[in-house]
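Descriptive analysis of the structure
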Amino acid sequence: MRLNPAKVAPEAAPGREAGQEPGSEAQGPEAGPGPDSESRPQPAAGPGSELFPAAEPEPEPLSASGPGQEPELGWAAGQRAGAPPESQPLPASESENGVSERPRCHTDCLEAPLSRAFRRLGWEVGSHPWIFLLLPMVLTAVLGTGLIHLPKEEEEDLEEQYTPIGSPAKAERRFVQGHFTANDSNLFSISRKSTEVNYASILVVSNTNSLLEQETLSEISEVDDAVQALSVTQGNGTQILYNEVCSKNQGYCVPSNPLLFAWKTNNVLNLKNITFPIYSLAGQVVYLANILGGTVLGESMGLSQLLLEAKAMRLQYYLKTGEGEDSERSKAWLIHFLNQVGNLEKSLALKKIQVVYFTSLSRQLEFEATSMTVIPLFHLAYLLIILFAITSCYRCDCIRNKMWVAAFGVISAALAVVSSFGLMLYIGVPFVIIVANSPFLILGVGVDDMFIMISAWQKTNLMDSIKERMSNVYSKVAVSITITTITNILAFYTGIMTSFRSVQYFCIYTGTTLLFCYFYNITCFGAFMALDGKREVVCLRWLKKPETPDQKCSSLKKPCCLPCNSLRDKHKADIHPMNLFFRDYFGPFLTSTESKFFVVLIYILYIISSIYGCFQVQEGLDLRNLASDDSYITPYFNVEEEHFSSYGPRVMVIVTEALDYWDGDARQKLEKCLVDFENSDYVDKNLTEFWLREYVKYMENHHHDVNDKITFLKNIPNFVIDSPLFMYDINITSSQEIICSRAFIQTMGVSSSTNKKLMLLQFRDMAEKCEIPLMVYNQAFIYFDQYSAILENTVRNVIVASTAMFIVSLLLIPHPLCSLWVTFAIASVIVGVTGFMAFWNVNLDSISMINLVICIGFSFDFSAHISYAFVSSSKPSVNQKTIEALYLLGYPVLQSAISTIIGVCVLSAAKAYIFRTFFKIMFLVMVFGVAHGLIFIPVFLTFF
């Protein structure tokens, strides 16, 4: 297209001598970003308006170009840089024309100095773009070397990262370890162990109604024999046999299943005469709880019932545990077991049964494997964000086209990730698996400031110098990008207060990365934008030249100016269609009476559903969710939940201080407390094991005086000879003082996380109320503690973060009504996300707690922009205020949500719960946040 030079040559701007080239540096003191530069008359904002001086002056639209742009709305002063293109342009400020006389609580005590500081920074970036471009890249290269410290083969301690810091169970474990001993090599007892041992577990499920049949037990026996026959050949040629690493009882490996062992010893064992849960076998009492599952019981027989059917059986192979060579050999055998157990199923050609398996190493190995499943998604996420950014910022003329700038904005976010992660690894902040979620989030959030800066650049005067344009851009975006960065960083850094180390590390990494994003946006990205501004000058000069063969644009400059068509029509305002949609269609529709009624009805249904969901959400991290969906541990936990959920762990009830056990009153008080435990709904009273009860019977059978101290203490050695396991339940000093002892109770009905939490709280409360100093403990309590801690941590973090957001809103958006609506939106979105988590099968755990903290920052961003635009509007009616607020900020808010969803959407394809949960909650946060920012808050504001 041929352009007449006379039409594109601009008139000399005020303060610029005629003939000065566009984009050339202004001379004289007035060009600098000095204090008086703010009071100078600013040039027209539209980049196209000055190119056609003959045209009628048109008002500059506030969203002149591009998605993600934010109008130049002064947070504190309530001023707009331009006016919407209506019949009459809006005044620059209310005070100039007296549109509204109501008093305002505004102040620019923070905005004004921040804008001045950014104006100076923008001037420097425009003056020395290459310095500001290269220095951050050099910094990234230096800090990026810290990535060599990324953990490769180092195991991540799941207990350390995903259980509460300083939990009561950890203190209880230290007490047990300090006062009670155990012996894996001679008298092994799993219930007496204070920590998890090395083990392999196989759950056998019968294809028929019951496995208590000779043929079925024969197949189970084959599996058992095959497992015990496994051996590992080490690098030096030596073999590790099962009977060398197994835990032993009186010289023999602990049977994988006592009932199966009895049947293998005696094939004519009467399977119709087995009682459950207590079975007397050759004078020995055998506890079948948690050993047989899917049971059908018949008539009562003493403390037990006749066992009619059993659908499943547990084979448990306990190995030597501890420090040193024995434990390493045990782990080597377990790894060999995992490699071979799949082949065993095929080689044995099992017809009567199905088997699932698990080991003490499985949770760790599978959890580490999940991190590998998400690596391919990084590339897809970056590609999608780059495509979105390019599409958003693409324009059909070479001046306004910012697709290369948008692409570099995504690269800038990537540089921030590299720099932040490198720095954190340098200073020793552990990298845990859930930190792998952070780059996806940064991708979506980090580009938001880029869109705002591009928007501000499009509003600058093309005829100004690069320095002036950059100083104008920086002064306009200063508060906007600073407040969103501060709120998001604060939201993450409040997560450091939590009791879960994994959450702490995630929040440290992500908060620091957002800080680097902010720093790189105002330096590196700004410098690239300044360089692109020079490209605009070249393109403009090329457009002004006549298209003669000897004056065509050079081959090097042509690619920079693509697409090489002319500027837009001079009479056409540069308004994005989406801004028009919000002003002409969505806004009027939303503010109609019928729509308001429908919105209120929808909100009532939303809040009722959310509150209901809040009471349904499950607490705690299900350990099966640490592995990928196709992991072998998932069917294992499914079978265990289906057939072995009736009984829970055996819990120690520990007398923590010295007690006169020979004193009748002391024994009576202790017995009363133990009976209280047995009367709990979570305890099977028939399965209690207490040395003192057995010892009293022993003393009475031998006609000894149990109330005499000397006699009581003298007969304990003889008693533990008959019942050797009880020697590990009594801590008696050389001075013949029993400083502590313990009993065991069998829990039941604690399959759900809620029951686990209630059981743990009830037991600790009973122990505290007992006249005798008691303590309860089981190794599983280390994980159970998260059920009570997670809610407390979440509520505390949400309250602290929300308070911080409220304070920030008062400081940087000093309008009380605006701050109240922001707080309302934060609370409403948090309730909604928490409630709908239950409907989407997401537990309230350390993973989702992170997202709820994130929720606060995003809720602030969405609601603050809209509500402040509303209260700052000079329109006479509330409906017009709402329409104007949506016109100004509806599309940027929508785009911010879309960019974030695109950044995390690839995680929906992940095979691991950890990453899928991150996507689910971020999706809820974005949807509900946008719904509040664009629907609920605008409608509610019209009622007040």
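Residues numbered from 1 in each chain as written. Predicted model: local features only at pLDDT ≥ 70, side-chain atom pairs only at ≥ 80, totals over all residues. Heavy atoms only, no water.

The name recorded for the protein in an unreviewed UniProt entry is Patched domain-containing protein 3, from Balaenoptera musculus. Looking at the protein in UniProt, the text filed under Subcellular location (unreviewed entry) is "Cell projection, Cilium, Flagellum membrane". The record held by UniProt for the protein lists under Sequence similarities (unreviewed entry) the comment "Belongs to the patched family." (UniProt positions renumbered as here; feature names shortened; annotations may be inferred.)

**What to know about the overall build of the protein**
Helix and strand content of the protein: 29 helices and 16 strands. When each of the 944 residues of the protein is scored for burial, the buried share is 57%. Roughly 39200 Å² of accessible area belongs to the protein as shown, and the carbon and sulfur atoms make up 59% of that amount. (Helix = DSSP H or I, 4+ residues; strand = E, 2+ residues; numbered from the N terminus. Buried < 20%, exposed > 50% of the residue type's maximum accessible area, 1.4 Å probe, protein only. Areas by Shrake-Rupley, 256 points an atom, 1.4 Å probe, with all protein chains shown as cover.)

**Focus on a negative patch on the surface**
Together, Asp660, Asp663, Asp665 and Glu737 line one region of the surface with negative charge. Here aspartate 663 lies in the loop between strand E12 (647-655) and helix H20 (664-678). (Patch = residues over 30% accessible without salt bridge, like charges linked within 9 Å, V, L, I, M, F, W, Y side chains within 5 Å. Salt bridge = Lys/Arg side-chain N within 4 Å of Asp/Glu carboxyl O. Lys, Arg positive; Asp, Glu negative; His and termini not counted. Charge placed at Lys NZ, Arg CZ, Asp CG, Glu CD.)

**Thoughts on the pairing of strand E8 (residues 284-287)**
Where strand E7 (residues 278-281) lies against E8, four bridges are found, and the strand directions are antiparallel. By the bridge assignment, serine 280 is partnered in E8 with valine 285. As consecutive antiparallel partners, E7 and E8 are separated by two residues, and within that stretch alanine 282 has a phi angle of approximately 55°, a positive value. (Pairing = 2+ DSSP bridges.)

**As for a nonpolar patch on the surface**
Together, Phe597, Phe598, Leu601, Ile602 and Leu605 make up a nonpolar patch on the protein surface, roughly 510 Å² of accessible area in all. Residue placement: leucine 601 occurs in helix H18 (residues 593-616).

**Side note on the pattern of salt bridges**
Scanning the entire structure with this criterion turns up 25 salt bridges. With its nearest N and O atoms 2.7 Å apart, the salt bridge here joins aspartate 532 to arginine 535. One end of the pair, aspartate 532, and the other, arginine 535, are both in helix H15 (residues 501-544), three residues apart, so they sit about a helical turn from each other.

**Here we look at the environment of tyrosine 913**
Here tyrosine 913 shows up in helix H29 (residues 913-941). Sequence separation between tyrosine 913 and aspartate 629 is 284 residues, and the spatial gap between their C-alpha atoms is 7.5 Å. Among the polar contacts listed, one links the side chain of tyrosine 913 to the backbone nitrogen of asparagine 843, at a separation of 3.4 Å. (Polar contact = N/O pair within 3.5 Å; in protein donor to acceptor, adjacent residues only side chain to side chain.)

**Overview of the packing of aromatic side chains**
Within the structure shown, the criterion is met by 56 aromatic pairs. Here phenylalanine 421 and tyrosine 509 contribute two aromatic rings whose centre-to-centre distance is 5.1 Å and whose plane-to-plane angle is 75°, an arrangement assigned as edge-to-face. Taken together, the residues phenylalanine 421 in helix H12 (residues 403-426) and tyrosine 509 in helix H15 connect sequence positions 88 residues apart. For the pair phenylalanine 421 and tyrosine 509, a shared accessibility class is recorded, and that class is buried. With a centroid separation of 6.5 Å and an interplanar angle of 35°, the aromatic rings of phenylalanine 940 and phenylalanine 943 are classed as tilted. Since its relative accessible area comes to 43%, phenylalanine 943 is described here as partly exposed. A network of ring pairs unites the aromatic residues Tyr603, Tyr606, Tyr612, Trp821, Phe824, Phe836, Phe839, Phe928, Phe936, Phe940 and Phe943 as a single cluster. Across from the ring centre of tyrosine 887, 5.4 Å away, lies the NZ or CZ of arginine 583, which sits over that ring. Sitting over the ring of phenylalanine 180, arginine 742 keeps its end group 4.4 Å from the ring centre. (Phe/Tyr/Trp six-rings, centres within 6.5 Å; stacked < 30°, edge-to-face > 60°. Lys NZ or Arg CZ within 6 Å of the ring centre and 35° of its normal.)

**Examining the nonpolar core**
Within soluble globular proteins, side chains that are nonpolar generally end up buried alongside one another. Counting residues in hydrophobic clusters, the biggest one holds 150 residues, and the most contacted among them are Phe506, Met529, Val833, Ile854, Phe858, Leu907 and Phe915. The element contributing the most residues to this core is H29, with 19 residues. Aside from chain neighbours lying at most four places away, what touches valine 833 is Leu852, Cys855, Ile921, Leu924, Val925 and Phe928. Counting 66 residues, the second largest nonpolar core, distinct from the first, contains Leu260, Ala312, Ile353 and Tyr636. (Core = buried A, V, L, I, M, F, W, Y, C linked by side-chain atoms within 4.5 Å. Contact = heavy atoms within 4.5 Å.)

**Here we look at the environment of leucine 387**
With respect to the secondary-structure elements, leucine 387 resides in helix H11 (residues 362-393). Judged by relative accessible area, leucine 387 falls into the partly exposed class, the value being 46%.

**Overview of the packing of helix H4 (residues 129-144) against H12**
In contact at an axis separation of 8 Å, H4 and H12 are set at 40° when each is read in the N-to-C sense. Taken together, the axis directions place H4 and H12 in an arrangement best described as oblique. For H4 against H12, the interelement crossing comes out left-handed. Contacts from Leu133, Met137, Thr140, Val142, Leu143 and Gly144 of H4 reach H12 at Phe408, Leu415, Val418, Ser419, Gly422, Leu423 and Tyr426. Within the contact of H4 with H12, the residues separate by chemical class into nine nonpolar, four polar and no charged. (Axes fitted to C-alpha atoms, helices over the stretch in contact; angles between N-to-C directions. Parallel < 35°, antiparallel > 145°, perpendicular 65-115°, else oblique. Left-handed = near helix turned anticlockwise from the far one by under 90°. Nonpolar A, V, L, I, M, F, W, Y, C, P; charged D, E, K, R; others polar.)

**Here we look at H18**
With 24 residues, H18 extends 35 Å from end C-alpha to end C-alpha; this agrees with the ideal 34 Å at 1.5 Å per step. Those residues of H18 lying buried are Ser595, Lys596, Val599, Tyr603, Tyr606, Ile607, Ser610 and Gly613. Residues of H18 that are buried in the fold lie against helix H17 (577-590), helix H26 (816-839), helix H28 (878-905) and H29. (Expected span 1.5 Å × (residues − 1).)

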